[in-house]
Amino acid sequence: MATSRCWEFLALLNRKKSLGSADDLYNTPLRRNLKTFQLVPMGIGTLIGSGLYVLTGVVAKETTGPAIVISYAISGVAALLSAACFVEFACRIPRTGSAYTFTYISIGEIWAFFVGWNLILEYAVSAASDATAFIGYLDFLSGKVLSDFVVNRILGGNVWTLPYIAPFPNIFAAVLIALITVAVMLGSKVSASVSIVFVLLNAAVVSIIIALGFAETDIKNWQDYGGFVPKGPGSIFTGAAKLFFAYTGLDAISYANEEAVNPQKSIPRATFISLLIVTTVYMLCSALLTLMVPYPMLDESSAFAGAFVATGVGWARWVVSIGALCGMFACVLMSLYCLQRSFYAMAVDGLLFSCLGRVNQTTGVPIIAAVCSCTIVVILAVFFSLVQLVEFSSIGVLTGCTFVSSAVITLRYQPDLLSGEDSMSFEMSSHPSEQRVQAPSDSHGGESSDRERLLTDTSSTLPGTLKEKFRNLPLLKHLAKFRPGVVVNTCLGMSVVLFCGVILVLKYGFQNILAADWWAILLLVFFLVGGLVSFFVIPLHEQNQASGDYYRVHWVPFVPGLSILFNLTLLLHLDAVTWFRFLIWIAIGTTIYALYGFCNSKEGQRRQLQAELPGDDNYARATYGSCNDSTEAKDVRDRLK
């Protein structure tokens with residue numbers, strides 16, 4: 001009895017979101033008015049900000065040296081692989097919510113909540129850090145007028161000495177965030193227009209930096225001071241993990257897929273164009289920076305401006321500062337846009353408070369979500385320093401990218417849940433109590449439900465089942481007995497755990513491997529062989545070949561698998577204190593989900609109501625609608641909505 005209840009509870013935690021009909025996917029209270037040429041500046045505006053103007057100098061000086069170019073390349077490849085997975089889901093599911101929505105549909109509710117919770121953290125920290133950096137640049141240009149005003153006029157000459165708190169409140173950052181929130185609340189078209197203006201100004205400044213920087217380079221700066229990789233190969237991956245902060249917002253365009261006119265075309269185009277442009281800019285600018293000035297002499301607070309001053313082009317620091325301000329303003333704008341959309345998506349599903357999902361009829365914007373976003377970001381920007389915010393930024397986006405890449409593999413090796421039919425008809429629940437929710441019979445009156453057909457049909461090329469040519473092999477024939485997708489999901493989970501072991505062995509036991517210590521070599525071989533074997537069982541199964549006029553990731557499962565490997569490598573190179581703070585954030589989210597989200601989940605309420613319906617006829621009327629418009633059917637349909 002206890003085991004049965006445990007399985008039932010786990011099944012509830014892993015319930016997947018159903019999508020309804022294909023027409024319902026495109027129905028939204030938000031306004032579809034964005035095209036590719038508007039989405040590209042939104043993507044670039046989210047990415048080029050404090051990551052380029054502040055973090056580049058910090059990482060180059062403290063972590064990588066000139067090898068920051070390679071670190072940017074690694075983080076760029078990881079971002080591109082993850083973006084490919086985001087794009088497929090954004091095209092197939094024209095709903096806002098990004099990684100959260102995608103995970104909810106393919107993996108399950110509890111995982112989706114944590115992904116969404118991490119996205120809230122990601123964009124809140126990103127907006128706060130960019131706002132703090134913006135005010136920091138203004139303070140630098142004004143000769144410390146802003147900070148002196150706060151310290152001397154407001155605090156009476158005293159500063160705060162509390163641990164983990166900024167020395168004084170960044171009041172001007174709060175004002176900036178409030179002003180940008182007003183722009184966001186006016187609608188997505190206003191946000192996109194403002195973003196375009198600042199992105200164009202930022203692009204002009206970046207072009208000037210590159211043009212002037214080439215004239216001031218000296219190759220000796222890559223040869224002296226320890227060479228190109230002065231702090232060892234491990235510093236390259238550590239730097240890449242930190243620099244992934246610069247790609248915070250790589251999924252920003254997918255947040256706009258509920259407001260895009262043609263998401264199946266414009267989302268992939270805008271995403272890949274934005275990432276290619278941004279990665280090229282990052283690599284060029286970081287190379288020029290370390291060629292202009294020896295990396296130990298970089299100014300961490302304003303690396304590019306300081307580099308031009310050091311090379312005798314002092315006037316260029318004003319140009320750089322203008323670009324930095326434009327870039328960081330656009331980043332704050334887009335981070336707030338994505339943050340409120342995260343609140344909106346989770347609130348609509350009932351996992352966060354319902355008031356956050358109310359959309360203003362005039363502007364088409366979730367106003368309460370915008371105000372809540374503004375409040376959280378203001379608190380972070382006022383009370384925490386830039387360094388403290390940046391240290392806590394990458395883990396949220398890396399976690400979300402890992403889940404989305406895993407979800408691509410999961411969906412490719414199971415019956416199509418996104419074809420426009422009710423996904424509950426195809427879920428492979430492992431608990432018998434779930435099987436009482438039956439889809440309606442087919443039009444020919446067959447007694448078998450879709451669920452029963454999927455469980456018993458082993459002769460067809462059903463996605464997620466072992467391929468016919470492998471079913472008679474001694475080592476593989478037993479895998480054909482499992483339900484579609486079960487073996488794939490199990491092997492995917494095992495390979496993730498084992499590859500984590502490979503990464504940790506290489507990180508902490510690399511010198512032991514070079515010294516030929518038997519235990520280090522044995523651990524590496526065990527984890528590597530186990531991970532490869534587990535992963536290569538996946539392509540032995542039938543893949544879902546559902547057709548559709550939208551972008552699909554190529555070479556599945558290898559491309560999303562490589563994305564997972566990159567993301568895991570970067571995650572495991574983050575500092576221990578970052579993981580500690582992350583666990584605290586997760587604990588807060590777990591409390592909210594346990595006390596509110598689990599009980600108020602719209603998907604949970606839908607399933608409970610469907611289970612209470614007296615028969616398949618009522619199920620059909622309530623779920624799909626029929627000619628029988630009885631009062632009971634109308635009532636049930638309203639309750640299910």
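Preceding this paragraph is the structure being described.
The paragraphs below set out a description of the structure included in this document.

A look at the overall build of the protein chain
Here is step 1 of the chain: Summing up its helical and strand segments, the protein chain has 27 helices and zero strands in all.
Here is step 2 of the chain: Counting across all 641 residues of the protein chain, residues that qualify as buried make up 56%.
Here is step 3 of the chain: Contacts spanning at least 24 positions in sequence make up 81% of the contacts within the protein chain whose residues lie at least 6 apart.
Here is step 4 of the chain: Total accessible area on the protein chain stands at roughly 26500 Å², and carbon and sulfur atoms take up 66% of it.

What to know about the packing of aromatic side chains
Here is step 1 of the chain: Scanning all chains against the criterion turns up 21 aromatic pairs.
Here is step 2 of the chain: Measuring from ring centre to ring centre gives 5.9 Å for Trp160 and Phe383, while their planes differ by 10°; the resulting arrangement is stacked. Residue Trp160 is located in the loop between α8 (145-154) and α9 (171-185), and its partner Phe383 is located in helix α17 (residues 367-383); the two are separated by 223 residues in the primary sequence.
Here is step 3 of the chain: Here Trp160 falls in the partly exposed class, since its relative accessible area comes to 30%.
Here is step 4 of the chain: With a centroid separation of 4.7 Å and 50° between ring planes, the pair formed by Phe353 and Tyr596 is classed as tilted. In this pair, Phe353 is assigned in the loop between α16 (316-348) and α17 and Tyr596 in helix α24 (residues 576-600), connecting sequence segments 243 residues apart.
Here is step 5 of the chain: The class for Phe353 is partly exposed, based on a relative accessible area of 41%.
Here is step 6 of the chain: Through a chain of ring-to-ring contacts, three or more aromatic side chains come together here, namely Phe113, Phe114, Trp117, Trp585, Tyr593 and Phe598.

Some thoughts on the nonpolar core
Nonpolar side chains tend to gather and get buried jointly when the protein is soluble and globular.
Here is step 1 of the chain: If you look at the biggest cluster of nonpolar residues, it comprises 168 residues, and the most contacted ones within it are Leu39, Leu52, Tyr53, Leu250 and Tyr282.
Here is step 2 of the chain: In contact with Tyr53, not counting residues within four places along its chain, are Tyr137, Asn202, Val205, Val206, Ile209, Ala303, Phe304, Val320, Gly323 and Ala324.

Remarks on unusual backbone geometry
Trans is the prevailing form of peptide bonds, just as negative phi is the prevailing case for residues other than glycine.
Here is step 1 of the chain: Here the residue pair Val556 and Pro557 is connected by a cis peptide bond, since its omega of 10° sits within 30 degrees of zero.
Here is step 2 of the chain: Relative to the helices and strands, Pro557 is located in the loop between α22 (518-536) and α23 (558-571).
Here is step 3 of the chain: One non-glycine residue, Tyr225, adopts positive backbone phi at about 60°.
Here is step 4 of the chain: Tracing the sequence through the fold places Tyr225 in the loop between α11 (220-223) and α12 (233-243).
Here is step 5 of the chain: Here Ala516, not a glycine, exhibits a phi torsion of approximately 65°, which is positive.
Here is step 6 of the chain: Structurally, Ala516 is set in the loop between α21 (486-514) and α22.
Here is step 7 of the chain: Look at Ala516 and you get exposed, because its relative accessible area is 54%.

Observations regarding the pattern of salt bridges
Here is step 1 of the chain: Tallied over the entire structure, the rule returns four salt bridges.
Here is step 2 of the chain: Measuring nitrogen to oxygen at the nearest pair gives 2.9 Å for the salt bridge that ties Glu88 to Arg412. Highlighted residues: Glu88 in helix α5 (residues 68-92) and Arg412 in helix α19 (residues 394-412), separated in sequence by 324 residues.
Here is step 3 of the chain: Taking relative accessible area as the criterion, Glu88 reaches 2% and is therefore assigned buried.

Examining the side chain of Gln340
Here is step 1 of the chain: Counting through the fold element by element, Gln340 comes out in helix α16.
Here is step 2 of the chain: Engagement of the side chain of Gln340 in a polar contact is seen with the side chain of Arg341, the distance being 2.9 Å.
Here is step 3 of the chain: Not counting the four nearest positions on each side in its chain, Gln340 is found in contact with Val184, Val365, Pro366, Ala369, Ala370 and Ser373.

A closer look at the environment of Glu468
Here is step 1 of the chain: Turning to its location among the elements, Glu468 is positioned in the loop between α20 (450-456) and α21.
Here is step 2 of the chain: Taking the C-alpha atoms as reference points, Glu468 and Leu540, separated by 72 residues in sequence, lie 9.5 Å from one another.

Thresholds applied
Within every chain, residues take consecutive numbers counted from 1 along the sequence as written. Predicted model: local features are reported for residues with pLDDT of at least 70 only, side-chain atom pairs are reported and counted for 80 or more only, and whole-chain, interface and lining totals are derived from all residues. Side-chain descriptors were evaluated using all non-hydrogen atoms of the structure, hydrogens and water having been removed beforehand. Elements are defined by DSSP. Helices are runs of H or I of four residues or more, strands are runs of E of two residues or more, and each kind is numbered from the N terminus. Working definition: with a 1.4 Å probe on protein chains only, accessible area under 20% of the residue-type maximum means buried, over 50% means exposed, and in between means partly exposed. Whether two residues touch is decided by their heavy atoms; if any such pair falls within 4.5 Å, the residues are in contact. Each accessible area value is a Shrake-Rupley result obtained with a 1.4 Å probe; residue values ignore everything except the protein chains displayed when judging cover. To pair, rings of Phe, Tyr and Trp, with the six-membered ring standing in for Trp, must have centres within 6.5 Å; the planes then decide the type, stacked if under 30 degrees apart, edge-to-face if over 60, and tilted in the middle. We define the nonpolar core as a collection of buried residues of types Ala, Val, Leu, Ile, Met, Phe, Trp, Tyr and Cys that are connected through side-chain atoms lying within 4.5 Å of one another. Think of a salt bridge as a Lys or Arg side-chain nitrogen and an Asp or Glu carboxyl oxygen that are within 4 Å of each other. Whenever a nitrogen or oxygen atom comes within 3.5 Å of another N or O atom, the pair is scored as a polar contact, on the condition that within protein one atom can donate a hydrogen and the other can accept it, and that pairs from neighbouring residues in sequence are kept only if both atoms are in side chains.

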